There are 2 protein chains.
Amino acid sequence: MSTADENHGDAPPPPQPEKDNYGDFTGGELFPIPGYEWAEVAELEPAMAAGRAVRVRGAAHAVRALSRLAFLTLRQGSSTVQCVIPAAGGMARFAGGLSRESVVDVAGVVSPPREHVRGATQQVEIQVEKLYCINRATPNLPISVDDAARSDEDVTRAKAAGEQLVHVGQDKRLDNRVIDLRTLANQAIFSIESEVEHIFRNVLRSEGFKSIHTPKLIGGSSEGGAAVFKLDYNGQPACLAQSPQLHKQMAVCGGLQRVYEVGPVFRAESSNTHRHLCEFTGLDMEMAIRESYFEVCDVVDRVFVAIFDHLNKNCAKELEAINRQFPFKPLKYLRKTPRIDYEEGIRMLKEAGVHVEPMGDLNTEAEKKLGELVNAKYDTDFYMLCRYPSAVRPFYTMPCSDDPRYSNSFDVFVRGEEIISGAQRVNEYELLKQQAEARGIDVGSIAAYLESFKNGAPPHGGFGAGLERVVMLFCGLGNIRKTSLFPRDPKRLNP
Amino acid sequence: MSTADENHGDAPPPPQPEKDNYGDFTGGELFPIPGYEWAEVAELEPAMAAGRAVRVRGAAHAVRALSRLAFLTLRQGSSTVQCVIPAAGGMARFAGGLSRESVVDVAGVVSPPREHVRGATQQVEIQVEKLYCINRATPNLPISVDDAARSDEDVTRAKAAGEQLVHVGQDKRLDNRVIDLRTLANQAIFSIESEVEHIFRNVLRSEGFKSIHTPKLIGGSSEGGAAVFKLDYNGQPACLAQSPQLHKQMAVCGGLQRVYEVGPVFRAESSNTHRHLCEFTGLDMEMAIRESYFEVCDVVDRVFVAIFDHLNKNCAKELEAINRQFPFKPLKYLRKTPRIDYEEGIRMLKEAGVHVEPMGDLNTEAEKKLGELVNAKYDTDFYMLCRYPSAVRPFYTMPCSDDPRYSNSFDVFVRGEEIISGAQRVNEYELLKQQAEARGIDVGSIAAYLESFKNGAPPHGGFGAGLERVVMLFCGLGNIRKTSLFPRDPKRLNP
């Protein structure tokens, strides 16, 4: 325990837990409270915890001071518990003075609730015996967690009833992301994101893939495209990798056979859209293939069906929390994902009266429409479109051997939006160089990559997906900023 | 199968597997060989495979043409198998013309070897019936896999015996990393790196940590330090994160309680050392703590002992492969890692006659020496040094409440070199701002971070390690470039 003169500034000395039942510990000291066992709010269930003397730390989510006592709703992650504070001895008055979101330690006895616990997730109460404030929040927070947690429907409904509820706009949320992240929906979104990554890794690992880390700082011009961030690297011109494409292929050429990487991908996007970020988390893999690029599609199928299954089976609570604030329909997907040829997709769109260029790329609208048509025909929100025209794919894409106007490539769609792009890659030096030159790429800037294909390069293919986009589309969230912890878009570089 | 006029350039038409038993398939086409089942070299064991008609794809590691037949050593990852090619019909001649490292498909019958199989890992042979070259390597490779795989000892021993063996220097290896990666030692190093990451994630996940992804593109000046890479972000000054420090703390302030991140970390280092890179893979975690920063040390202990145990138990083959080219002593570590106070460390060094400043940082030499002293006393290469002087730690480090000249911080050492740095963080806005200012940091550039501590911030701590350094030190590799797939140092931005 620190003594008074070690405190910073003129703060009063901290309370002594043996003597003082409440007070401020706001110098950062950590201390024991003898006689109380540490517990997590989530584990406070009647069967587990009733009668136990516990110590719990959490945020002061809400305080209601009544005449005889005070109620403090304590929040930890996505769990909340009601704490009952007796009026005697000044503790209830102290509680009434706690600013919302302050971090507090509560020590007391767990009991079944005397009344229905309003707005708390746990079906017990804590009869508070000691109450210390650990960290004071400023009394005027720029946004409140309750306001940030409100659904658009609630605001609209209230308005219709003549009531004015605060609606926190996207920019204000993101400006105050540290508070915004505390909503139940956001706690759930980032749990789910962590789970998606886990299953992605798990399935690939079980199939013999190794996790690799390719450099983000690269010489030259990444994949020769526009939209790269440039920088000075100790006097050499450098840029940030737009994807691990070149290096993951080089890893396979280096004998690593099956590799994957989860890491940041940088795109100097200039236009604001609902589904592009300047920095996102790439889910990439690359593998030696035997007879067909469909071997890559098979892996996509196993990985993503496993991800969707896992979320539905093991993350029901999280999905429900998201659904409450951002309602969405469950994703429809099949055990075996339909694979539709690009030509067939064009035919379907034409039959539906949509104007499309047979050898051109699909625009966002046509993709949406095709998603609807496929859904109507196959009853799935998840499908693959294969054999894209070569002209709309990157230079490293292998043309079909039966018709080089098409390529051994595919995109995967969720709810009519692209989430995965994959292909067999060109593993022949001459053809690769030819295709790069034909697209106007300065082959000098990708020389090290090209040279890799002179040393014996196995047939290979792979895919890339975006973690934020997977979660956005699975949960129908409509804006990728919702699934990025601290999003970076053309205007936003903060917080 | 493609027809002649679809081939690129003037290459001859590819062979037809039904008719032609050997030839070049170098247009990138993929094809079936009816009657032969695909197999991986590693699974070709006598019990499993003898008598099976298999098809295997790999690199032509070596070809020996004898009078009556030819032997081809086929390599796939870190496994090799001897293929016996009959002279009849021109196949042996074709094999003799294969450049080393060319990718070839072999179809044949697995048999027990007639003689001891020289230089092959698998104890079977393949009696070749069909042999196709899939991708020709250039005949004059800049380095050979055999040369790159040679240990320094072998070169020295040969020299002493009057024989001249090629020694491939580090720079030449790295310039030709795609070939260099094919050595057994490198295949093993990157398997082990993948395993280290897996166990790191696994243990943390089992303790309730979530995987997060913090932005690498940040405004201002990262942690206020030098050595940052600067860039232009759509007209705003930006830099690359020197670590996920600020954002992982903000995630904990956002209610995520226990988070970890494995991702790139950028340091604009200017001096070449054996243990610094300009880009490396950070293993970071941050967690709410209850009573002490030792809770973070406890996690370090569980995570790293689990990693070391796993490598020793499940990666013996890989460690052996590394040991053959780069001999090292097994790492000594204990079930419970010793925690030594900085003051005690200083005392030990002084007693050993080493000049050290009691309140200054240890230099590399003193760290090495202390490692030896600790090893002599505790019989371990792995220990923690706790309670560093505040003056030598970053501004966000929590001072000790009993003596602010020291801090609630620690470093962890392997074989006398630092691999982990951790601490309790300051969660009080005023103190944090004060400490930043006292170190001359422009607090405006970290405003969003500082503001996070006004919203109610729980006590927390965490650590950061470097993946490449963990593997380098576990395997005593002596140079961090050996454990980075495509290393970036002050001079190297390629390949």
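Computed from a predicted model, the values in this text were never measured in an experiment.

A few points about the overall build of chain A
So, point 1. Across its full length, chain A holds 15 helices and 18 strands.
So, point 2. In terms of its C-alpha atoms, chain A occupies a principal-axis envelope of roughly 85 × 55 × 40 Å.
So, point 3. Looking at chain A as a whole, 61% of its 495 residues qualify as buried.
So, point 4. In chain A, 67% of the contacts between residues at least 6 apart in sequence involve partners at least 24 apart.
So, point 5. Distance from the positive charge centre (58 side chains) to the negative charge centre (66 side chains) of chain A: 3 Å.

As for the environment of Ala447(A)
So, point 1. With respect to the helices, strands and loops of the structure, Ala447(A) is situated in helix H14 (residues 447-451).
So, point 2. Given the relative accessible area of 33%, Ala447(A) is considered partly exposed.

Some thoughts on the environment of Ala60(B)
Residues and elements named next belong to chain B.
So, point 1. Here Ala60 shows up in strand S3 (residues 53-65).
So, point 2. Residues Ala60 and Gln76, spaced 16 residues apart in sequence, show a C-alpha to C-alpha distance of 9.4 Å.
So, point 3. Ignoring any residue separated from it by four or fewer positions in sequence, one finds Ala60 in contact with Leu72, Thr73, Ser99, Arg100, Glu101 and Ser102.

Details of the domain arrangement of chain A
All names here are of chain A.
So, point 1. In terms of domains, chain A is made up of domain 1 (15-135), domain 2 (145-175) and domain 3 (184-483).
So, point 2. Look at where the C-alpha atoms of domain 2 and domain 3 centre, and you get two points 35 Å apart.
So, point 3. The interface is formed by eight residues belonging to domain 2 together with six residues belonging to domain 3.
So, point 4. Surface buried jointly by domain 2 and domain 3 totals about 480 Å² across both partners, of which 43% is contributed by carbon and sulfur atoms.
So, point 5. Run the count over domain 2 and domain 3 and you get two residue pairs in polar contact (both at pLDDT 80 or more).
So, point 6. Taken together, the residues of the side of domain 2 that touches domain 3 break down into three nonpolar, two polar and three charged.

Some remarks on the interface of chain B and chain A
So, point 1. Contacts between chain B and chain A engage 105 residues on the former and 105 residues on the latter.
So, point 2. Across the interface of chain B and chain A, roughly 8,700 Å² is buried in total on both sides, 55% from carbon and sulfur atoms.
So, point 3. Area buried by chain B at its contact with chain A is led by His213(B), Arg290(B) and Leu493(B), which between them contribute 9% of it.
So, point 4. Inspection of the region where chain B meets chain A yields eight salt bridges.
So, point 5. In this structure, Glu291(B) engages Arg55(A) in a salt bridge whose closest nitrogen and oxygen atoms are separated by 3.7 Å.
So, point 6. Viewed at the interface, chain A and chain B are joined by 54 residue pairs in polar contact (both at pLDDT 80 or more).

Observations regarding the pairing of strand S12 (residues 258-266) of chain B
All names here are of chain B.
So, point 1. For S12, the buried fraction is high: eight of the nine residues fall into the buried class.
So, point 2. Of the pairings in the sheet, the one linking strand S8 (residues 210-211) to S12 comprises two bridges and is parallel in character. Bridged to Ser211 within S12 is Tyr260.
So, point 3. Relative to strand S13 (residues 279-288), S12 runs antiparallel, the two being bridged by nine bridges. Along S13, the bridge assignment pairs Tyr260 with Met285.

A look at the sheet that holds strand S13 (residues 279-288) of chain A
All names here are of chain A.
So, point 1. Sheet architecture is open: eight strands sit in the order S8-S12-S13-S18-S17-S16-S15-S14, paired in mixed fashion. In this open sheet, the two edge strands, each paired with only one partner strand, are strand S8 (210-211) and strand S14 (339-341).
So, point 2. Bridge analysis of strand S15 (residues 382-386) against strand S16 (residues 409-414) gives five bridges, and the strand direction is antiparallel. Each residue of the ladder has a partner; that of Met384, found in S16, is Val412.
So, point 3. Against the sheet, helix H12 (residues 364-378) contacts S14, S15, S16 and strand S17 (417-424), and its axis sits at roughly 115° relative to S15.

Quick word on the packing of helix H11 (residues 342-351) of chain A against H12(A)
All names here are of chain A.
So, point 1. Following both chains from N to C, one finds H11 and H12 inclined at 90°, their axes separated by 10 Å at the closest point. Regarding the angle of H11 to H12, the classification is roughly perpendicular. Here Glu344, Gly345, Met348 and Leu349 of H11 come into contact with H12, specifically with Ala366, Lys369, Leu370, Leu373, Val374 and Lys377.
So, point 2. Among the residues making up the contact of H11 with H12, the classes are represented as six nonpolar, one polar and three charged.

A few points about the relation of the copies chain B and chain A
So, point 1. When chain B is fitted onto chain A, the two copies agree to an RMSD of 0.0 Å after a turn of 180° and an axial shift of 0.0 Å. The operation mapping one copy onto its partner corresponds to a two-fold rotation axis. Among all residues of chain B, the minimum C-alpha distance to the rotation axis is found for Leu231(B), at 2.6 Å.
So, point 2. In this assembly the copies share their binding face: 100% of the residues contributing to the interface of chain B also contribute to that of chain A.

Quick word on the state of the cysteines
All names here are of chain B.
So, point 1. Scanning all chains against the criterion turns up zero disulfides over all chains.
So, point 2. Here Cys83 stays free of any disulfide, with the sulfur of Cys133 as its closest cysteine sulfur at 14 Å.
So, point 3. Cysteine Cys297 shares no disulfide, and the gap to the nearest cysteine sulfur, in Cys386, comes to 4.7 Å.

With respect to the packing of aromatic side chains
So, point 1. This structure, assessed with the given rule, holds 40 aromatic pairs over all chains.
So, point 2. Centre to centre, the rings of Phe200(A) and Phe463(A) are 6.4 Å apart; their planes meet at 85°, and the pair counts as edge-to-face. With Phe200(A) in helix H7 (residues 184-206) and Phe463(A) in strand S18 (residues 460-466), this residue pair connects regions lying 263 residues apart in the sequence.
So, point 3. Residue Phe200(A) is classed as buried on the basis of its relative accessible area of 0%.
So, point 4. Three or more aromatic residues joined by ring pairs form one cluster here, namely Phe200(A), Tyr260(A), Phe304(A), Phe308(A), Tyr333(A), Phe382(A), Phe463(A) and Phe474(A).
So, point 5. Here the guanidinium or amino end of Arg393(A) rests over the ring plane of Tyr388(A), the centre of that ring lying 4.4 Å away.
So, point 6. Directly above the ring of Tyr429(B) sits Lys454(B), whose terminal nitrogen or CZ lies 4.6 Å from the centroid.

Topic: unusual backbone geometry
All names here are of chain A.
So, point 1. In this model, Asn494 is joined to Pro495 through a cis peptide bond whose omega is 0°.
So, point 2. Here Pro495 is to be found in the segment after helix H15 (467-474).
So, point 3. A positive phi is found at Glu101, a non-glycine position, where the angle reads about 80°.
So, point 4. Looking at the secondary structure, you find Glu101 in the loop between helix H2 (91-96) and strand S6 (103-111).
So, point 5. If you check the backbone angles, Asp379 has positive phi at about 60° while not being a glycine.
So, point 6. With respect to the secondary-structure elements, Asp379 resides in the loop between H12 and S15.
So, point 7. What makes Asp379 partly exposed here is its relative accessible area of 43%.

Description of the pairing of strand S7 (residues 125-135) of chain A
Residues and elements named next belong to chain A.
So, point 1. Within S7, nine of the eleven residues are buried, which leaves it mostly tucked inside the rest of the structure.
So, point 2. Summarising the sheet, strand S1 (residues 22-24) and S7 pair through three bridges and their orientation is parallel. Residue pairing across strands places Gly23 opposite Tyr132, the latter belonging to S7.
So, point 3. Pairing between strand S5 (residues 79-86) and S7: three bridges, direction parallel. Counted as the bridge partner of Cys83 is Ile126 from S7.
So, point 4. Sheet topology places S6 next to S7; nine bridges connect them, and they run antiparallel. Bridge pairing links Val110 to Ile126 in S7.

Re the sheet that holds strand S17 (residues 417-424) of chain B
All names here are of chain B.
So, point 1. The mixed open sheet is built from eight strands, whose spatial order is S8-S12-S13-S18-S17-S16-S15-S14. Of all the strands in the sheet, just S8 and strand S14 (339-341) have a single pairing partner and so form its edges.
So, point 2. Against the sheet, helix H7 (residues 184-206) touches S8, S12, S13 and strand S18 (460-466), its axis set at about 155° to S12.

Section: helix H10 (residues 316-325) of chain A
All names here are of chain A.
So, point 1. Those residues of H10 not exposed but buried are Leu319, Ala321, Ile322 and Gln325. Buried positions in H10, seen along its axis, are confined to an arc of 160° and lie on one side of it. Exposed and oriented more than 90 degrees from the buried face of H10 are Lys317 and Arg324.
So, point 2. Summarising the contacts, the buried residues of H10 are in contact with helix H3 (145-148), helix H5 (170-175), H7, helix H9 (294-314) and H15.

Looking at the environment of Arg492(B)
So, point 1. The topology assignment puts Arg492(B) in the segment after helix H15 (467-474).
So, point 2. Separated by 280 residues in sequence, Arg492(B) and Ile212(B) place their C-alpha atoms 29 Å apart.
So, point 3. Sequence-distant contacts of Arg492(B), that is, excluding residues within four places in its chain, are made with Tyr233(A), Asp171(B), Leu174(B), Asp175(B) and Pro487(B).
So, point 4. At a separation of 2.9 Å, a polar atom in the side chain of Arg492(B) contacts the main-chain carbonyl oxygen of Asn494(B).

About the criteria used
Residues numbered from 1 in each chain as written. Chains lettered and ligands numbered in written order. Predicted model: local features only at pLDDT ≥ 70, side-chain atom pairs only at ≥ 80, totals over all residues. Heavy atoms only, no water. Helix = DSSP H or I, 4+ residues; strand = E, 2+ residues; numbered from the N terminus. Buried < 20%, exposed > 50% of the residue type's maximum accessible area, 1.4 Å probe, protein only. Contact = heavy atoms within 4.5 Å. Lys, Arg positive; Asp, Glu negative; His and termini not counted. Charge placed at Lys NZ, Arg CZ, Asp CG, Glu CD. Domains from an automatic or database assignment. Buried area = accessible area lost by both parts, 1.4 Å probe. Polar contact = N/O pair within 3.5 Å; in protein donor to acceptor, adjacent residues only side chain to side chain. Nonpolar A, V, L, I, M, F, W, Y, C, P; charged D, E, K, R; others polar. Salt bridge = Lys/Arg side-chain N within 4 Å of Asp/Glu carboxyl O. Pairing = 2+ DSSP bridges. Axes fitted to C-alpha atoms, helices over the stretch in contact; angles between N-to-C directions. Parallel < 35°, antiparallel > 145°, perpendicular 65-115°, else oblique. Least-squares fit on C-alpha atoms with pLDDT ≥ 70 in both. Disulfide = S-S within 2.5 Å. Phe/Tyr/Trp six-rings, centres within 6.5 Å; stacked < 30°, edge-to-face > 60°. Lys NZ or Arg CZ within 6 Å of the ring centre and 35° of its normal. Arc of directions from axis to C-beta.

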